[in-house]
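Structure at a glance
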Amino acid sequence: MRRDYFELDVRDVDWYEEDGTPRQPTVSIDFYGPPDDLRERFSAPDGEVLDAADLDVSLRLQGPINDPDTRGVVSVTDRLTGDYVLELNADAVDVLQFIGAAREYGRSSDDTDGRYRVDVAIENQHFATFEKSMFLVYDTDGSLLRGRSLIPSGVEL
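To keep things clear, this report deals only with the structure shown in the data block. On a predicted model such as this, the values are computed, not experimentally measured, just so you know. (Residues numbered from 1 in each chain as written. Predicted model: local features only at pLDDT ≥ 70, side-chain atom pairs only at ≥ 80, totals over all residues. Heavy atoms only, no water.)

1. Quick notes on unusual backbone geometry
Not every positive phi belongs to a glycine, and aspartate 12 is a case in point at roughly 60°. Counting through the fold element by element, aspartate 12 comes out in the loop between strand S1 (6–11) and helix H1 (14–18). For glutamate 123, which is not a glycine, the phi torsion comes out positive at approximately 50°. Within the secondary structure layout, glutamate 123 lies in the loop between strand S6 (116–122) and strand S7 (125–132). What makes glutamate 123 partly exposed here is its relative accessible area of 43%. (Helix = DSSP H or I, 4+ residues; strand = E, 2+ residues; numbered from the N terminus. Buried < 20%, exposed > 50% of the residue type's maximum accessible area, 1.4 Å probe, protein only.)

Right under this line is the structure:
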């Protein structure tokens, strides 16, 4: 599935850099490719849409983390099979800001379901929403950057 089939938008992160009232950050992913392809990738063997617990979200950097022009690849994978559900290109600085906002929201909230929300649409039609609390960040060599990742306490990797 082509990365240019996807558009990514984030909401509720402005408060993070402005020291405002924390709100749960949301990332919206809109898909503009063959609809059946994406539905199939998000489907469990029983045909139901995968649960949030069945999906992992990560950012793989394509350059130095301190370079404001660095891009990265945001991936959603099936935790059981390791198969990619989707991949899309994004500015790393925007994703890292999103992760920071999600981390701070988790610290200031009693929300145990998720530090951030992922809304997925197919051609502007809602498809699925997932509440997540983990977002892994990898450098260009594939090494996990624990300090930049969003890892809930008690989770061993």
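2. Focus on the sheet that holds strand S5 (residues 84–91)
What holds strands together in a sheet is hydrogen bonding between their backbones, with the strands either parallel or antiparallel. Taken together, the 4 strands give an open sheet; going across it, the order is S5-S4-S3-S8, and neighbouring strands pair in mixed fashion. Sheet topology places S5 and strand S8 (136–138) at the edges, where each strand pairs with a single neighbour. Neighbour to neighbour, the strand axes of the sheet diverge by 20° on average, direction disregarded. As defined by bridge partners, strand S3 (residues 55–61) adjoins S8 across 3 bridges and the pair is classed as parallel. Residue pairing in the sheet places leucine 59 in a bridge with valine 137 of S8. Contacts from helix H3 (residues 92–108) reach S3, strand S4 (71–78), S5 and S8 within the one sheet, and its direction differs from that of S5 by about 110°. (Pairing = 2+ DSSP bridges. Axes fitted to C-alpha atoms, helices over the stretch in contact; angles between N-to-C directions. Contact = heavy atoms within 4.5 Å.)

3. Points about the pattern of salt bridges
Pairs can form between side chains of opposite charge once their charged atoms are near each other. Under the criterion given, the structure shown has 10 salt bridges. Salt-bridge contacts for arginine 60 lead to glutamate 87; the nearest nitrogen and oxygen are separated by 3.5 Å. Taken together, the residues span a long stretch of sequence, with arginine 60 in strand S3 and glutamate 87 in strand S5 at a distance of 27 residues. Residues arginine 117 and glutamate 131 are paired through a salt bridge, measuring 2.8 Å at the closest nitrogen-oxygen approach. (Salt bridge = Lys/Arg side-chain N within 4 Å of Asp/Glu carboxyl O.)

4. Digging into the pairing of S6
With 6 of 7 residues buried, S6 lies mostly within the body of the structure. Sheet topology note: the strand S2 (residues 26–31)/S6 ladder contains 6 bridges and is parallel. Note that in S6 the partner of phenylalanine 31 across the bridge is isoleucine 122. Examined bridge by bridge, S6 and S7 share 7 bridges and lie antiparallel to one another. Within the sheet, the bridge partner assigned to tyrosine 116 lies in S7 and is lysine 132. Turn length for the S6-S7 hairpin, with the two strands adjacent in sequence and antiparallel, is 2 residues, and the turn residue glutamate 123 shows positive phi of about 50°.

5. Looking at the side chain of serine 75
Its place among the elements puts serine 75 in strand S4. Reaching out from serine 75, the side chain makes a polar contact with the side chain of glutamate 87 at a distance of 3.5 Å. Setting aside residues up to four positions removed in sequence, serine 75 forms contacts with Asp56, Val57, Ser58, Arg60, Tyr84, Leu86 and Glu87. (Polar contact = N/O pair within 3.5 Å; in protein donor to acceptor, adjacent residues only side chain to side chain.)

6. Things to note about the pairing of S2
Note on strand geometry: in a regular strand, side chains alternate between the two faces of the sheet. Counting buried positions over the 6 residues of S2 gives 6, a clear majority of the element. The two faces of S2 match: Thr26, Ser28 and Asp30 on one face and Val27, Ile29 and Phe31 on the other face are all buried. Both S1 and S2 contribute to a ladder of 6 bridges, which runs antiparallel. Of the residues in S2, the one forming a bridge with arginine 11 is threonine 26.

7. Here's the deal with the packing of aromatic side chains
For the coordinates displayed, the defined rule picks out 7 aromatic pairs. Plain terms: the ring middles of phenylalanine 42 and phenylalanine 130 are 5.6 Å apart, the flat faces sit at 15° to each other, and that makes the pair stacked. Placement of the pair is phenylalanine 42 in the loop between helix H2 (35–41) and S3 and phenylalanine 130 in strand S7, with a sequence separation of 88 residues. On the basis of relative accessible area, phenylalanine 42 is assigned to the buried category, the value being 1%. Here the aromatic rings of tyrosine 116 and phenylalanine 135 are separated by 5.7 Å at their centres, their planes lie at 50°, and the arrangement is tilted. Of this pair, tyrosine 116 sits in strand S6 while phenylalanine 135 sits in the loop between S7 and S8, and the two are 19 residues apart along the sequence. Here tyrosine 116 matches phenylalanine 135 in class, with each residue buried. Members of the aromatic cluster, joined through ring pairs, are Tyr5, Phe6 and Phe31. (Phe/Tyr/Trp six-rings, centres within 6.5 Å; stacked < 30°, edge-to-face > 60°.)

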